[in-house]
Structures are given as C-alpha cells and as structure tokens.
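So you can see what is in the structure, the chains are spelled out below.
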Amino acid sequence: IDPRELSRIGSSFTIDTVKELQQEHRGATFVFLIGEDQLARLPGWKESERLQKLVSFVVLSRNSMTDPISRNSMADPILEPILLGRCIDISSTEIRERLAKNKNVDYLLPSSIHDYIKTKKLYQKSDC
C-alpha cells in the first residue's frame, strides 16, 4: 500500500506515481494489477503508451476462474498483458465506496489491511 496518490493535492495520475516509484527503487521491475473493467479505459489514461512501456500489466478478469478474459476479447490490447481469472468478485472501487459509506469490508480485505486503512483514516468521506 502506497498512500502517495491520496496525499497529492489536485489530480493524481498513475504515470506520475510510477515515475516516482522508479526513481525511489532504481532497477526494480514493476507490475501493475488492473481490473478488466479498467482495461478499456486505459487508452484514455495520462501518457498511457509510456505507462505501458514502464510497467508490465496483469489484467484481472471480473469473471470466474473458469472463464478468464482472453487476448481476443480485448478491443485495444495493451503490450502483452498477463491475464488472470479470479474466484470471487472484488473491486477496489467497490471497497473504497463501501469504506466511504462506513459499510463492512471484512470479507473483502485481510484484517491487517483493513486495520491499516482504519488507522490511517483512508477512504473516509470528507465533511467538505
């Protein structure tokens, strides 16, 4: 977990985060886990083509493990993504929304992660 995007004032872009992480961890190989639902939006991300050269993408299917997405189903395939299926339907967006609404996420996160989020008061609805 890296909270830098939550700390930024104004818009936060993945390309900026990746560049910062690469500066801090020279020589490291970065893998970016992305949900299948975000894959179609990737071409619209800031500096999408450069981002695709800086990280390896792992695309997590929103379908069951027995029906993972295929390269042929991607309208605009990215550079050689690794495609994974999953057993349960978990979305980071859903988790953040549930946390903002103070709903239970115990079955969606390991307790250590949930404790960290609570301690750091992440994803809470602001009073503004």
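Residues numbered from 1 in each chain as written. Predicted model: local features only at pLDDT ≥ 70, side-chain atom pairs only at ≥ 80, totals over all residues. Heavy atoms only, no water.

Things to note about the overall build of the protein
- Across its full length, the protein holds six helices and three strands.
- Every one of the 128 residues in the protein was classed for burial, and the buried ones make up 30%. (Helix = DSSP H or I, 4+ residues; strand = E, 2+ residues; numbered from the N terminus. Buried < 20%, exposed > 50% of the residue type's maximum accessible area, 1.4 Å probe, protein only.)

A look at the nonpolar core
- Grouped together as the largest cluster of nonpolar side chains are 12 residues: Ile15, Val18, Leu21, Phe30, Ile34, Leu39, Leu42, Leu51, Leu54, Val55, Phe57 and Val59.
- Looking at this core, the elements with two or more residues in it are helix H2 (14–24), helix H4 (48–54) and strand S2 (56–60).
- Counting residues per element, this core draws most heavily on H2, at three residues. (Core = buried A, V, L, I, M, F, W, Y, C linked by side-chain atoms within 4.5 Å.)

Details of the environment of Leu51
- Along the chain, the position of Leu51 falls in helix H4.
- Sequence separation of Leu51 and Thr14 is 37 residues, and the distance between their C-alpha atoms is 8.0 Å.
- In contact with Leu51, not counting residues within four places along its chain, are Thr14, Ile15, Val18, Leu42, Trp45 and Phe57. (Contact = heavy atoms within 4.5 Å.)

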